[in-house]
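Structural overview
What follows is each chain in one-letter form.
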Amino acid sequence: MLETADTQQRDMNALRTELDAQQRVTTLLQTQLDESRTLSAALGRAVPAAAPRLRKIPKPKAFDGSRSKLQAFITQLRLHTATFTDKQAKLRLAVNCLTGEDLDHARIYVQDDRVNLTIIAALITVLENGFGNSNRVGNV
């Protein structure tokens, strides 16, 4: 019976030691949690730096087929559509900026609500090939 009491006493001492260790870990974790909450609250109160205001890039002016205005139109088109993620949105905007005879030529690529070109660069190539040279009537 004495041996059983000694074994029980050793087990109790081991459990107390483990309990003390667990309490120290709990205290440490609580301290870290409190520090994190304090830091989070301080960051929440911090005034963020003002983000620079981005100026909206204006929509390109309508392209009327003038060779002298083609490169300016293409530059404006590329800059304006650079922020678009949808390829069709880029193409629809580009076709929408065409007028007169230029729009008539682009209509062959428009079907329902889609422009049947893969990317804006394809439309730019069509414009450059057709309207970027003096023999545009024969090339478009």
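Residues numbered from 1 in each chain as written. Predicted model: local features only at pLDDT ≥ 70, side-chain atom pairs only at ≥ 80, totals over all residues. Heavy atoms only, no water.

**Let's talk about the environment of threonine 81**
Within the secondary structure, threonine 81 sits in helix α2 (residues 67–81). Overall, threonine 81 belongs to the buried group, its relative accessible area being 2%. Expressed as a C-alpha distance, the spacing of threonine 81 and lysine 59, which sit 22 residues apart in the sequence, is 8.8 Å. With residues near it in sequence (within four places) discarded, threonine 81 still touches Lys90 and Leu93. (Helix = DSSP H or I, 4+ residues; strand = E, 2+ residues; numbered from the N terminus. Buried < 20%, exposed > 50% of the residue type's maximum accessible area, 1.4 Å probe, protein only. Contact = heavy atoms within 4.5 Å.)

**Observations concerning the pattern of salt bridges**
For the structure shown, the criterion picks out two salt bridges. In this structure, the salt-bridge partner of aspartate 64 is lysine 69, at a minimum N-O distance of 3.7 Å. (Salt bridge = Lys/Arg side-chain N within 4 Å of Asp/Glu carboxyl O.)

**Overview of unusual backbone geometry**
The phi dihedral of aspartate 112 is positive, around 55 degrees, even though this residue is not glycine. One can find aspartate 112 in the loop between β1 (110–111) and β2 (114–115).

**Thoughts on helix α3 (residues 87–96)**
Given 3.6 residues per helical turn, the α-helix brings residues three or four places apart onto the same face. For α3, the set of buried residues is Gln88, Lys90, Leu91, Leu93, Ala94 and Val95. Those residues of α3 that are buried are in contact with α2, α4 (100–106), β1, β2 and α5 (120–131). A side-chain oxygen of the first residue of α3 lies 2.8 Å from the backbone nitrogen of glutamine 88; this N-cap is aspartate 86. (Polar contact = N/O pair within 3.5 Å; in protein donor to acceptor, adjacent residues only side chain to side chain.)

**Some points on the environment of serine 68**
Relative to the elements of secondary structure, serine 68 occurs in helix α2. Take serine 68: its relative accessible area is 70%, and that puts it in the exposed class.

**With respect to the environment of histidine 105**
Looking at the element boundaries, histidine 105 is found in helix α4. Accessibility expressed as a relative area gives 27% for histidine 105, which makes it partly exposed.

**Quick notes on the nonpolar core**
Formed by 19 residues in total, the largest nonpolar core has its most connected members in Phe73, Leu77, Leu123 and Leu127. Secondary-structure elements contributing two or more residues to this core are α2, α3 and α5. Examining the composition of this core, we find that five residues originate from one element, α5, more than from any other. With sequence-adjacent residues up to four places away left out, phenylalanine 73 is seen in contact with Pro60, Lys61, Phe63, Ala94, Cys97, Leu98 and Leu127. (Core = buried A, V, L, I, M, F, W, Y, C linked by side-chain atoms within 4.5 Å.)

**A word on the confidence of the model for the protein chain**
Residues with a pLDDT of 70 or more make up 86% of the protein chain, whose mean pLDDT is 83. Here residues 136–140 is modelled with pLDDT under 50, and outside its nearest four sequence neighbours on either side it reaches 11 contacts, counting other chains as well. (pLDDT = per-residue confidence, 0-100.)

**Details of the packing of aromatic side chains**
All told, the structure shown has one aromatic pair when counted by the stated rule. With 5.2 Å between their ring centres and 25 degrees between their planes, phenylalanine 63 and phenylalanine 73 make a pair best called stacked. Of this pair, phenylalanine 63 sits in the loop between α1 (2–45) and α2 while phenylalanine 73 sits in helix α2, placing them 10 residues apart in sequence. With a relative accessible area of 1%, phenylalanine 63 lands in the buried category. Overall, the relative accessible area of 3% leaves phenylalanine 73 in the buried class. (Phe/Tyr/Trp six-rings, centres within 6.5 Å; stacked < 30°, edge-to-face > 60°.)

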